[in-house]
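# Observations on chain architecture
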Amino acid sequence: PQSGAPQAAIKAVNSVLGSESLGYTAAAGEQPLRSAIVAMYKNTYGVEVPLERVHVTMGSSSGFTLAFLSAFDVGDAVAIPSCSYPCYRNILRALGVQTVPLPVDSEYKVTASSLRAAVRQRAAKG
């Protein structure tokens, strides 16, 4: 850029330099946040969630990526509603997973009959 950083930003950076860790955060997320999530599940739902099972991501796409990596293998096929979050298809394709679009009804829901039809159609193709 042709201009310097705003003075307020420079001040904020200078106040932190040398006084705090500026490295990467823990891969699973910051422990105080993870502990707060554990407490929220206990207080709200009465569910005990072990801290090691709580992982914080920087957004839904990285969360979906981790979930898809744990659930599917390269070459698997996954049914996706034709009207859905576009990143589902993009992430699955990037992971080598085939997406199978499913039609939705007038309420944007996948019906049991459309799912059965898609399964039959894939089975017929081999």
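Residues numbered from 1 in each chain as written. Predicted model: local features only at pLDDT ≥ 70, side-chain atom pairs only at ≥ 80, totals over all residues. Heavy atoms only, no water.

Next up on the list: the overall build of the protein. Scanning the protein from N- to C-terminus turns up five helices and two strands. Along the protein, helices and strands appear, N-terminal first, in the series α-α-α-β-α-β-α. Over its C-alpha atoms the protein spans a radius of gyration of 22 Å, topping by over 25% the 14 Å that the globule rule assigns to 126 residues. For the protein, the spread of C-alpha atoms along the three principal axes comes to 65 × 50 × 30 Å. Burial analysis of the protein (126 residues in total) assigns 13% to the buried set. Across the protein, every contact between residues at least 6 apart in sequence was considered, and the portion connecting residues at least 24 apart equals 26%. For the protein, the exposed surface amounts to about 9,600 Å²; the carbon and sulfur share of it is 59%. (Helix = DSSP H or I, 4+ residues; strand = E, 2+ residues; numbered from the N terminus. Rg over C-alpha atoms; globule rule 2.2 N^0.38 Å. Buried < 20%, exposed > 50% of the residue type's maximum accessible area, 1.4 Å probe, protein only. Contact = heavy atoms within 4.5 Å. Areas by Shrake-Rupley, 256 points an atom, 1.4 Å probe, with all protein chains shown as cover.)

Counting across every chain of the model gives seven aromatic pairs. An angle of 20° between the planes, with centres 5.9 Å apart, marks the rings of Phe64 and Phe68 as stacked. Of this pair, Phe64 and Phe68 both sit in helix H3 (residues 60-71), four residues apart, which is roughly one turn of the helix. You can call Phe64 partly exposed: its relative accessible area is 24%. For the pair Phe64 and Tyr88, a centre-to-centre distance of 4.8 Å together with 85° between the ring planes defines the contact as edge-to-face. With Phe64 in helix H3 and Tyr88 in helix H4 (residues 86-94), this residue pair connects regions lying 24 residues apart in the sequence. (Phe/Tyr/Trp six-rings, centres within 6.5 Å; stacked < 30°, edge-to-face > 60°.)

If charged atoms from side chains of opposite charge come close, those side chains can pair. This model, assessed by the stated rule, comprises two salt bridges. The shortest N-O distance in the salt bridge between Glu48 and Lys42 comes to 2.9 Å. Residue classification places Glu48 among the exposed residues on the basis of a relative accessible area of 60%. On the basis of relative accessibility, which here comes to 41%, the residue Lys42 falls in the partly exposed class. In this structure, the salt-bridge partner of Glu107 is Lys109, at a minimum N-O distance of 3.3 Å. For Glu107, a relative accessible area of 51% gives the class exposed. (Salt bridge = Lys/Arg side-chain N within 4 Å of Asp/Glu carboxyl O.)

Keep in mind that these numbers describe shape and distance, not what the molecule does.
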